[in-house]
Amino acid sequence: MVDAYELFAELPKAELHLHIEGSFEPELMFEIARRNQVSIPYASVEELRKAYDFGNLQDFLDIYYQGMSVLLRERDFYDLTWAYLTRVNEDNVRHVEIFFDPQGHTERGVSFETAIIGIHRALEDGKAKLGISYKLIMSYLRHLSEESALETLEQAKPFLDWIDGVGLDSSEMGHPPSKFKTVFAESKKLGLKLVAHAGEEGPPAYVYEALDDIQVDRIDHGNRALEDDGLVKRIVEGGYTLTVCPLSNLKLCGVTDMKDHPLPKMLELGLRATVNSDDPAYFGGYVNQNFKAVHDAQPLSAADAVTLAKNSFSGSFLSAQEKASWLGLIDEQAAEMGATA
Ligand code: HPA
Ligand code: ZN
C-alpha cells in the first residue's frame with residue numbers, strides 16, 4: 001500500500017494560502033539587505049532563525065513586517081517570488097494562489113507598482129518556465145483602517161488585470177471582518193474574488209461575519225469554526241473551502257501538539273479542507289512538509305491524500321474546465337500509484 005505522504009508529495013497540487021512575504025528565507029533576506037544596504041537587527045542567518053519562536057500571531061507579525069522591510073526594488077519582489085516558485089516546483093505544486101500585502105510596502109514608502117510589477121513578472125516567468133499557473137490575491141491589513149484599504153484598492157485599479165482577488169490578513173483579534181464591509185463590496189463590484197482569514201485566532205463569530213458581512217468565496221484557516229456545529233454545517237452545505245495551514249497553527253500556538261490538529265476531523269466532517277504553508281520561511285515547511293507534519297502525528301490514509309490534492313484544485317479560482325482536467329489527472333495518477341479517493 002502506498003504511503004499517504006509519498007502519494008501526496010507526488011500528486012499535482014495547488015497552494016491556496018501563501019503570503020509571498022512569508023516565503024522570505026533568511027538567506028535571501030540577508031542577500032537583499034546587503035545589496036540594498038539596509039541593516040537587519042540580527043548578526044547571522046542562524047540568529048535570525050532562532051528568533052522564529054512565536055507565542056501567538058502578533059509575535060510572528062512583528063518579525064514578519066520587520067523582515068519584509070528590506071524589500072525595496074522591483075527586483076527584490078521578483079527574486080522573492082521566483083525563489084518561492086522554484087521551491088514549490090520541487091513539491092509538485094502546479095498552481096498557486098498567493099497573497100501579497102501592498103500596505104506592508106506602501107506604508108514604508110515602497111510603491112504599489114514596485115511590488116506588484118516584480119511579483120507579476122516572476123509569476124509570469126513561473127508559468128512560462130516551470131509550468132506553474134497562478135492567481136494573485138491582494139490582502140488588506142486588518143490592523144489598519146478601512147480607509148487605508150480603500151486607498152489600496154484605488155492604487156490597484158491600474159493593475160486589475162493582474163489581480164484575481166482580495167484577502168484580509170494580519171492581526172485578527174479586535175479587527176473583525178465587518179470592519180471591512182465596504183471595501184469588500186467595492187472589490188466585488190470590480191469582479192475580484194473575496195477571501196478572508198477568519199477563525200485562525202478569532203472566534204466563530206468572525207467566521208460568520210466573513211460569510212455574512214463580506215460574503216467570502218473561501219475561508220482562510222477557519223479552524224475555530226469547529227467550535228460551532230451550526231457553522232460547520234453551513235460551511236459544508238455552502239461548499240466553502242478552508243485553506244488550512246498546519247505548521248502555522250503549531251508555530252503560532254493555535255494547536256499545541258500536531259496530535260490535536262483539526263485537519264483529520266475537518267475531512268471527517270466533510271469540510272473541503274486544503275493543506276497550505278502560509279508563511280513557510282517562518283513556520284518550518286512548504287506544502288508537502290505540512291502534510292507530513294499532520295500525517296506523522298495522526299496518520300492520514302491514501303484516500304485522504306488524494307482528497308486533499310483534489311480539494312486544492314476544487315477550492316481554487318481556476319475555471320470549471322481547468323479544475324475538471326486536474327481532477328481527472330489526479331485520479332489517473334492516484335490509480336497508477338494504487339490509490340483512490
Ligand atoms: N495570519 C494573519 N496574517 C498573516 C499571516 C497569518 O498567518 N501571515 C501573514 N500575515
Ligand atoms: Zn495566512
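Keep in mind it's a predicted model, so treat the numbers as computed, not measured.

> Can you tell me about the overall build of the protein, naming the residues and giving the values?
Each helix and strand counted, the protein has 17 helices and eight strands in total. Here the protein holds 341 residues, and 58% of them are scored as buried. Partitioning the intrachain contacts of the protein with sequence separation of at least 6 by distance along the chain shows that 77% fall at a separation of at least 24. In the form shown here, the protein has an accessible surface area of approximately 13200 Å², with 48% of it arising from carbon and sulfur atoms.

> Before we move on, can you summarise helix α11 (residues 229-238) with the specific residues and values?
All of the buried residues along α11 are Leu231, Val232 and Ile235. Down the axis of α11, the smallest arc covering the buried residues is 100°, so these residues share one side. In α11, the exposed residues that point more than 90 degrees away from the buried face are Asp229, Lys233 and Glu237. Along its buried surface, α11 packs onto α10 (204-212), β6 (218-221) and β7 (241-244). A side-chain oxygen of the first residue of α11 lies 2.9 Å from the backbone nitrogen of Gly230; this N-cap is Asp228. Looking one or two residues beyond α11, the residue adopting positive phi is Gly239, at roughly 70°.

> Tell me about the site of ligand 1, residues and numbers included.
Around ligand 1, the structure places His19, Leu57, Phe60, Leu61, Tyr64, Asp169, Ser170, His197, Glu200, His221, Asp278 and Asp279. Ser170 is positioned such that a nitrogen or oxygen atom in its backbone is 2.8 Å from a nitrogen atom of ligand 1. One of the side-chain nitrogen or oxygen atoms of Asp278 is found 2.8 Å away from an oxygen atom of ligand 1. Bound to the protein, ligand 1 loses 100% of the 260 Å² it would expose on its own.

> Break down the side chain of Glu21 for me, citing the residues and quoting the values.
Topologically, Glu21 is positioned in the loop between β1 (13-19) and α2 (26-36). Despite its burial, Glu21 pairs with no opposite charge, the nearest such side chain being Arg108 at 7.3 Å. For Glu21, the side chain forms a polar contact with the side chain of His105, separated by 2.8 Å. Other than its neighbours up to four places away in sequence, Glu21 contacts Tyr64, Met68, Leu71, Leu80, Phe99, Phe100, Asp101, His105 and Tyr282.

The rules behind these values
All residue numbers here refer to positions counted from 1 along the written sequence of the relevant chain. Whichever chain is written first is A, and whichever ligand is written first is 1; the rest continue in order. Where totals are concerned, whole chains, interfaces and linings use all residues; where local detail is concerned, this predicted model gives features only for residues with pLDDT of at least 70, and gives and counts side-chain atom pairs only at 80 or more. Only hydrogens and water are set aside; all other atoms, that is, all heavy atoms of the structure, feed into the side-chain values. Strands here mean DSSP runs of E at least two residues long; helices mean DSSP runs of H or I at least four residues long; both are numbered from the N terminus. Only protein chains enter the accessibility calculation, which uses a 1.4 Å probe; a residue whose area is less than 20% of its type maximum is buried, one above 50% is exposed, and one in between is partly exposed. In this analysis, two residues are considered to be in contact whenever any of their non-hydrogen atoms come within 4.5 Å of each other. Surface exposure here means Shrake-Rupley accessible area, sampled with a 1.4 Å probe, where a residue is shielded only by the protein chains that are shown. Comment: arc refers to directions from the helix axis out to C-beta atoms. Pairs of N or O atoms within 3.5 Å make up the polar contacts considered here, provided that, within protein, one atom can donate a hydrogen while the other can accept it, and that residues adjacent in sequence are counted only when both atoms are side-chain atoms. For this description, a residue counts as near a given molecule or strand if any of its non-hydrogen atoms is within 4 Å of it. Positive charge is attributed to Lys and Arg, negative charge to Asp and Glu, and no charge count is given to His or to the chain ends. By definition, a salt bridge exists where a carboxyl oxygen of Asp or Glu is found within 4 Å of a side-chain nitrogen of Lys or Arg.

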